[in-house]
Structure formats: C-alpha cells, structure tokens
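Chain by chain, the residues:
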Amino acid sequence: MMYLKWGVHYFLGFLLVLTAHQAIAQQQQNTLWDNTVKQATKQVVYFNAWGGSHEVNRYIFWVGQQVKRRYGITLKHVKVDDISQVVSRLLVEKTAGRDTEGKIDLLWVNGENFATLKNNNLLYGPFSQSLPNYQWVDESKPSVKRDFSTPVEYMEAPWGMAHLVFYYDSSVLRQPPMSMEALLDYAKQHPGRITYPNPPHFLGTTFLKQVLLELASSPELLQKPVSQVDFAEVTAPLWKFLDQLHPVSWRQGKAFPANSSQMRQMLDSGELHVSFSFSPSEASNSIQAGLLPDTVKSYVHNGGTLGNTHFLAIPYNAKAKAAAQVVVNFLLSAEAQSQKMDPVIWGDPTVLAIDRLPEGQQTMFARFEEMPAMLTSIQRGKPLPEPHFSWTEALEKAWLKRYQQ
C-alpha cells in the first residue's frame, strides 16, 4: 500500500513538472511570436500570386486592408501568370548570391514548383508550425503534409484546398455517373454529351489523372517518380478508356473545349450533360452569378476524386520574413478562412479542422451548410492524393503523342 501511495505521489509530481515545463515553453513561444509581430510593423510584403481571377484579386486586396489596419503591414500583390517564372527568378538570385536582397517575400505555390524550391534550398523555414493559428490546421488531410508526394516538413503553410468536382443539371439528368466507368457507359448511351479539356491544360491533365487513379490496378505506384515504374503498363487502362471515350464524346474526340469556362457554358446550353472543375465552388459561384440555373448540383465519385492543397511559402532571401509570417498567420485565421470559403467572395475550401475551432469561430462557417450546390457533400467526399509531380509531364507528352499527331 505504501508503494502505491508513493507511486501516485511520484506520478502527480511528474504531471506538475510536465505542466510547468509546458507552460514555460508556451510562454517562450508567445514571446517569440510577440517579437515577430513587433518586427513586422511597417514592413512591406511583396506577395507573388496568380492574378488571373477577379475573385482572388479582390480577396487578396481585402487581406491587405486587414493586415494594414491590424499590424501596420503593407501587402503588395504582385500578379503573376505562372508561378514557375517566379521560381526561376529565385534560382537566378541564388546563383548570383543575392541572399538578403530578394524582392519576393511570399508566394503562392504547390506541386513541382514547391519541390524545386525545396530541393534547391530556396525556402525560409521550417516556419509554419510556429504560427499560432497553425494549431487549427487539419493535418489529417494527407495533402497538407505531402505536396504532390513531396514532404512539406513545415517549409510551406497550407492555404486552401482544391478538389475535382463534377456537376450536372438535375432538370436534365436525374442520376449522374458516379465513377469513370459509369461516365464511359453514359457517354456511350448519350453520344456527344461528355468531354474534357485537352492536355496540357491543367483540367485536362487532371481528368487523365482521375481516370488513372480509378482504373489502375496498382494506383499506389502513382506516388512514385514516373522513372521508377513501368509507365506503359501502369497507364494501359487510361489509354483503353480514352480510346473508347473519344468516338462517343463531343465532336468524336477530334476537338476539345478550351477550359472549364467553355465547359460550363456548354452545360448551360445543354450541349454537355456533365462538366467538372478543380474548384469545389465552381457550380455555386456560377449559380450566384446567374451563369447556371439553380437546378445544377455538384458531386464527387463514389471512390473519391483528386484533391490537393495549395500553400504559401517564404523565400530564403525574403526581406520581410517577419511580416510574411504575420500575413500567413492571419490567412490561417478562422476569419480569413471563412471569408475565402464564401462562394460569393472566392469559394476556396478551408484547410482548418472546423470542429476543433473554438465554438465562437466555428459559427463563422455555419452559413455554408445550406448553400446550393455547395460543399457539404463535397467535403465529405474522399480526396485522392495527387500523383508524384513527375507524372504530369509524362502523361501530357504521352497524350499528345497518341491523340494530337
């Protein structure tokens, strides 16, 4: 009995010491963050991000207003067409030895571009785990920790989710095809009503990946670099599928829509029966804008659809590293994430685990549950992991060789 009491006292003492150490560590972390916020005041953050969307640009402008008012930070949106050009510029700066004179403080990145930045030591970090709001990030999503199969290791901070989503007009089509095999059957029964953008358009390549993920006998091989697998053997089901689809698709597979906007217009006119987008809010945004009827509904395949995360990274030679971290922390707040998730504003799904947020912050997301064609069923859909980034170019080259000779 005496030993039991001694053991209980020892355990309670251990808990008290552990709690004290945790409190000290938390206090130190808070002090470090307070110093970062103070250092960020009056800094200018040059945020290199895609500028091809009115909704995105408007949201970033709102973010700039918020960080200016709250922290005295000036956020300048450097609008770019292709972030790979920014990555190339950083490579040049690294080669030239410009370690402290960089003109890029923050960039929107993922996939192959992140792998290039990480592999060439062009990133500041790890930093994201030290941000106060990172504690609310949903790390159960595989794409938060692995960016197109590249381990993130806190060298970039998740900012939003992308998910391949199909949509249809329920006044025309009662039950949509819930798999690629079902989509092919539907195309055979309704010739000319199914299509996809041709690669190397991003959405067309995404369609190829989705087919392969569903039909490949060993889809886990797609997580390996393409040079490490038998490409012809792994992709054989894809080419068999497309060889059957093209003769019964729109214009017999001899022409393809240019992009998701054209596909949306074709669905609206009845020329297509199914469309798709990598933006889960595509249908909702279009309904809100009067571009699609309110009978349009979104869905994902029974086995899941391709999903990934887009990130924010700080270059190794950023001049405003402190302010860049403060901006990213704000972008991970419930306020900024719920604002971005609103389909009227942008419609980009959150990276936060909503059910773990403080109750008052959870209510910021409640309004999305009843929106037409919106995200409740989509967010429950299983996201399939992006293949290793090397598959993108390999698939595009093979597709062009087979179908665009």
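Because the structure is a prediction, the values reported are computed rather than measured. (Residues numbered from 1 in each chain as written. Predicted model: local features only at pLDDT ≥ 70, side-chain atom pairs only at ≥ 80, totals over all residues. Heavy atoms only, no water.)

## A word on the pairing of strand 7 (residues 165-169)
To keep it simple, the criterion reads: Here's how the labels work: a residue is buried when its accessible area is under 20% of the maximum for its type, exposed when over 50%, partly exposed in between, all with a 1.4 Å probe on protein chains only. Elements are defined by DSSP. Helices are runs of H or I of four residues or more, strands are runs of E of two residues or more, and each kind is numbered from the N terminus. Strand pairing is defined by DSSP finding a minimum of two bridges between the two strands.
Extensive coverage of strand 7 is indicated by the burial of 5 of its 5 residues. Side chains Val165, Tyr167 and Asp169 project from strand 7 onto one buried face, and the interleaved Phe166 and Tyr168 project onto a second face that is buried too. Bridging between strand 7 and strand 8 (residues 275-277) involves 3 bridges; their strand directions are antiparallel. Looking at strand 8, one finds that Val165 is bridged to Ser277. Examined bridge by bridge, strand 7 and strand 9 (residues 296-299) share 4 bridges and lie antiparallel to one another.

## Quick notes on the pattern of salt bridges
Convention followed: Here, a salt bridge means any side-chain nitrogen of Lys or Arg that lies within 4 Å of a carboxyl oxygen of Asp or Glu.
Following the criterion strictly, the structure yields 9 salt bridges and no others. Between Glu335 and Arg70 there is a salt bridge, with the nearest N and O atoms lying 2.8 Å from each other. Of this pair, Glu335 sits in helix 12 (residues 334-341) while Arg70 is found in helix 2 (residues 54-71), placing the two residues 265 residues apart along the sequence. Given a relative accessible area of 29%, Glu335 falls into the partly exposed group. The shortest N-O distance in the salt bridge between Glu386 and Lys209 comes to 3.1 Å. Taken together, the positions of Glu386 in the loop between strand 11 (383-384) and helix 15 (390-403) and Lys209 in helix 7 (residues 202-215) put the pair 177 residues apart, joining distant regions of the chain. The class of Glu386 is buried, set by a relative accessible area of 4%. For Lys209, a relative accessible area of 3% gives the class buried.

## Details of unusual backbone geometry
The peptide bond linking Gly125 to Pro126 adopts the cis configuration, its omega dihedral lying at 5°. A cis amide bond, omega 10°, links Pro199 with the succeeding residue Pro200. Positive phi, close to 55°, is recorded for Arg251, a residue that is not glycine.

## Things to note about helix 2
The test is simple: Here the expected length of a helix is defined as 1.5 Å per residue gap, with one fewer gap than residues. Residues are treated as being in contact if the distance between any of their heavy atoms lies within 4.5 Å.
For helix 2, with 18 residues, the first-to-last C-alpha span of 26 Å sits near the 26 Å given by 1.5 Å per residue. When we look at burial in helix 2, the residues that qualify are Val56, Asn57, Tyr59, Ile60, Trp62, Val63, Gly64, Gln66 and Val67. On its buried side, helix 2 packs onto strand 1 (44-50), strand 2 (74-80), strand 3 (106-109), strand 6 (157-163), helix 11 (321-331) and helix 12. Where helix 2 terminates, the next one or two residues include Gly72, which has phi positive at roughly 70°.

## Some words on the packing of aromatic side chains
Defined as follows: Any pair of Phe, Tyr and Trp rings, taking the six-membered ring for Trp, is counted once the centres come within 6.5 Å. Such a pair is stacked with planes under 30 degrees apart, edge-to-face with planes over 60 apart, and tilted for the rest. By definition, being over a ring means that NZ of Lys or CZ of Arg is both within 6 Å of the ring centre and within 35 degrees of the ring normal.
In the structure shown here, the tally under the stated rule is 21 aromatic pairs. Aromatic side chains Trp239 and Tyr403 sit 6.3 Å apart centroid to centroid with 50° between the ring planes, which places their arrangement in the tilted category. Here Trp239, found in helix 8 (residues 231-245), pairs with Tyr403, found in helix 15; they are 164 residues apart in sequence, far enough to count as distant. Each member of the pair, Trp239 as well as Tyr403, carries the same accessibility label: buried. Members of the aromatic cluster, each reached through a chain of ring pairs, are Phe166, Tyr168, Tyr196, Phe207, Trp239, Phe256, Phe276, Tyr299, Trp399 and Tyr403. For Lys94, the ring lying beneath its charged end belongs to Tyr316, and the centroid distance is 4.5 Å. One cation-aromatic arrangement involves Lys340 over Trp346; the distance from NZ or CZ to the ring centre is 5.3 Å.

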